Amino acid sequence: MKSATPKVLHDICGRSLVGHVVAASRELDPTHLVVVVGHAREQVTAHLAAVDAEVRTAVQFEQNGTGHAVRMALQELGGPVDGTVIVVCGDTPLLTGETLRELARTHEADGNAVTVLTAEVPDSTGYGRIVRDAGGAVTAIVEHKDASDAQRAIREINSGVFAFDGALLSDALGKVRTDNSQGEEYLTDVLGILREAGHRVGAAVGSDHRQILGINNRVQLAEARALLNARLLERAMLAGVTVVDPASTFVDVTVTFGQDALIHPGTQLLGATHVAEGAEVGPNSRLKDTRVGAGARVDNTVADTAVIGESASVGPFAYLRPGTELGTKAKAGTYVEMKNAKIGEGTKVPHLSYVGDATIGEYTNIGAASVFVNYDGEHKHHTTVGSHCKTGSDNMFVAPVTIGDGAYTAAGSVITKDVPPGALAVARGQQRNIEGWVARKRPGSAAATAAQSAVQVDSDGR
């Protein structure tokens, strides 16, 4: 990956590569879930603890092959285990729980000692080939580097995903040799060992070869992201969501929708974002961990950890920062930024304003170009504006300050003291006009010439 980040911690659609695999594995409700870690194990182990607290980790101190990795996992569990053991790769984020369930069902129904998940791929370069006998039974899996020319022509490949009889797996692993081009313990050699011992070896052919795609570079990471994003959007659309342009719409796996939600082009929905019934988001919006209420409209907006109430209106060109809560039918309009602000039902902040660390009641209107001055250089302070207030344009509310219910503030005011309910606050300097200042201070300027012309017109009455 040419990255300081371990490969399995790279992210697509809101989860790490290994996080996707853990989530798919959890759908089988396994008795134990063990992840084998080696390179950058401290980072990976810490990440896994945050993703799934019940995941166990086994350390492979020396990377001696896939067979060795599975041996480390069994040692973590105290030795051989009963029942079915499913082995998956940590870099296959497109693998689904349903595919794993089907593998387990096939394995147990056929009474196999081992069942390999296979797929027919357009280009099998780099993958282990599935070798079958004349009757179609699996006889071996040959790694690409060890394959003959005839074997390299085979398009059915090993996914790296297996179902084993747990009682037979441990013993077979002890017989795996390292006489191959890599000098490693190949898990795939277990198939031949079990077959030679008279046990049944089978295969389950996956319905979609793309599910087993592994990630080894940034190109493959982008390809997998596109495939997963398309899958998520298809699922949403089939559930009743309108996505105007799937090619320019991106969602995380944790995003949820209500029926008849409408998503416009250029929109990113990330984290735990939820778009409720009939809500409309976009175009060109980025919402993270944000809840959009039913019937709300969000246009050209960036929102992070915000709550947008039912039938509320946001944007265009708004920025809702963490802690913002818009009530029902509230508005955060054009070029409005909010942070840690609670906005009541029907209240409007229409344009060109910053509202930070504030509580505003119901059906209040905040005038254009207003600033809630919340920071004194060391501490943040809170402003409270009541219900049914009308504040003038170009107001500065210097926190901490409270505006009572039904109060008005005059345009251009700097409010530094509490305003009683129903009062009008005027806090601005008295205007003073200094006649002739431009002519005296800026003689010969365009302004002075224009002023002189205007004075001449006035004196001539024309």
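The shown structure was predicted, so the numbers you read here are calculated from the model rather than taken from an experiment. (Residues numbered from 1 in each chain as written. Predicted model: local features only at pLDDT ≥ 70, side-chain atom pairs only at ≥ 80, totals over all residues. Heavy atoms only, no water.)

### Remarks on the nonpolar core
Most often, soluble globular proteins keep nonpolar side chains buried together rather than apart. Grouped together as the largest cluster of nonpolar side chains are 55 residues, with contacts concentrated most on I308, L320, L326, M338 and V355. Those elements that place two or more of their residues in this core are α8 (218–238), β24 (318–320), β26 (331–343), β27 (348–360) and β33 (401–403). Sorting elements by how many residues they give to this core places α8 first, with six residues. Not counting residues within four places of it along the chain, the set of residues in contact with M338 comprises Y319, L320, R321, T324, L326, K331, A332, I343, V349 and V355. Core analysis: the second largest hydrophobic core is formed by 23 residues, V87, I130, F162 and F164 among them. (Core = buried A, V, L, I, M, F, W, Y, C linked by side-chain atoms within 4.5 Å. Buried < 20%, exposed > 50% of the residue type's maximum accessible area, 1.4 Å probe, protein only. Helix = DSSP H or I, 4+ residues; strand = E, 2+ residues; numbered from the N terminus. Contact = heavy atoms within 4.5 Å.)

### Looking at the UniProt feature "binding site: Mg(2+)" (unreviewed entry) in the chain
Sites flagged by UniProt as "binding site: Mg(2+)" (unreviewed entry) map to D91 and N216. Sequence-wise these annotated residues cover 126 residues; spatially they are packed, their C-alpha atoms never more than 8.1 Å apart. Owing to a relative accessible area of 13%, D91 belongs among the buried residues under this scheme. When residues no more than four places from it in sequence are discounted, the contact partners of D91 are K7, L17, L213, G214, I215 and N216. Within the local environment of D91, its side chain forms a polar contact with the side chain of K7, the two groups lying 2.8 Å apart. Structurally, N216 is set in the loop between β10 (201–205) and α8. Residue N216 is classed as partly exposed on the basis of its relative accessible area of 47%. (UniProt positions renumbered as here; feature names shortened; annotations may be inferred. Polar contact = N/O pair within 3.5 Å; in protein donor to acceptor, adjacent residues only side chain to side chain.)

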